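Residue-level structural notes
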Amino acid sequence: MKCNAADADRYSKRAIISMESKEGGRVKRLVGKSVGILLAVWLLPGMLVIFVRMSGFIFLPSVEWTSKANHPSIVAGLLPAAYLSWRAWKAMDVTPIGDGKMAIAMLSAPFFAYFLGKNLVAVALPMTFAIVAGHQVELSFTVANADQWGDSKCRTPVELEGLPFLFDTVCRVRDDVRMSLLPGRPTVVTGRGTSLGLFAGSLKARGESKKRNRIRIPPDAALLPQNTSHPGRPPA
């Protein structure tokens with residue numbers, strides 16, 4: 001009887017431990033799933049703004065917003081990057097990373113997450129306001145470079161100072177317009193948006209004649225000269 005009682009007590013303890021282990025496993029899976037959903041929601045806006053940019057729409061966050069949002073955007077990028085770094089470190093204990101592709105994916109994921117997380121604050125927020133509550137505005141920027149040829153995806157670009165990567169360039173600008181844009185000099189961009197940023201509609205060198213230097217930016221990002229002629233009007 002004593003033996004049976006001891007066995008029953010031992011079996012009871014094992015059952016309790018098994019139930020606790022199963023319950024703990026369910027909690028871990030629930031927490032892991034919730035964190036995964038939160039991470040996807042956190043990074044999705046950063047991916048969407050890149051898709052918008054690659055579709056040919058030129059969005060420029062304002063210099064003022066970029067400056068004010070610098071520290072919050074860094075934090076927004078570090079959070080998912082730190083989480084994915086921790087997950088990668090934990091995975092090394094149970095998953096061999098001898099495969100080169102697996103190793104590259106695990107090492108590059110935190111950097112990609114940092115970039116997307118940063119875009120959430122630096123680009124996605126002002127772009128959302130521009131879409132929802134945008135109106136015709138003018139914003140000032142500083143020219144960084146206007147004499148590069150670019151590549152097949154962005155020819156004859158004008159680069160602007162102090163803006164996030166991928167959202168600091170206007171493509172397909174006419175050479176005669178670019179000649180009037182000097183590095184370190186201000187330029188004015190007009191388009192639909194708010195004080196936080198805008199979808200570029202036209203660009204001109206500040207302080208220069210609108211007839212000579214204003215250009216139009218259609219939705220496909222091709223820059224065409226604005227028609228300033230008035231048929232039938234006699235010259236002044």
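Residues numbered from 1 in each chain as written. Predicted model: local features only at pLDDT ≥ 70, side-chain atom pairs only at ≥ 80, totals over all residues. Heavy atoms only, no water.

1. Thoughts on the pattern of salt bridges
As a reminder of what qualifies: The working definition used for a salt bridge is a side-chain nitrogen of Lys or Arg within 4 Å of a carboxyl oxygen of Asp or Glu. Helix numbers and strand numbers start at the N terminus; a helix is a DSSP run of H or I with at least 4 residues, a strand a run of E with at least 2. The buried label goes to any residue with under 20% of its type's maximum accessible area, the exposed label to any with over 50%, and the partly exposed label to all in between, with areas taken from a 1.4 Å probe on protein chains only.
Counted by the stated rule, this structure contains 4 salt bridges. Here Glu-138 and Lys-204 are joined by a salt bridge, their closest N and O atoms 3.9 Å apart. Of this pair, Glu-138 sits in strand S2 (residues 135–145) while Lys-204 is found in strand S6 (residues 197–205), placing the two residues 66 residues apart along the sequence. By relative accessible area, Glu-138 is classed as partly exposed at 48%. The buried category is assigned to Lys-204, whose relative accessible area is 13%.

2. A closer look at unusual backbone geometry
Positive phi, normally seen in glycine, also occurs at Thr-156, with a value near 40 degrees. For Thr-156, the position within the fold is in the loop between S2 and strand S3 (158–160).

3. Thoughts on the environment of Pro-164
Put simply, the test is: Should any heavy atoms of two residues lie within 4.5 Å, those residues are considered in contact.
By the secondary structure assignment, Pro-164 is in the loop between S3 and strand S4 (169–170). For the pair Pro-164 and Val-123, spaced 41 residues apart in sequence, the C-alpha separation works out to 7.9 Å. Ignoring any residue separated from it by four or fewer positions in sequence, one finds Pro-164 in contact with Pro-61, Thr-66, Ala-122 and Val-123.

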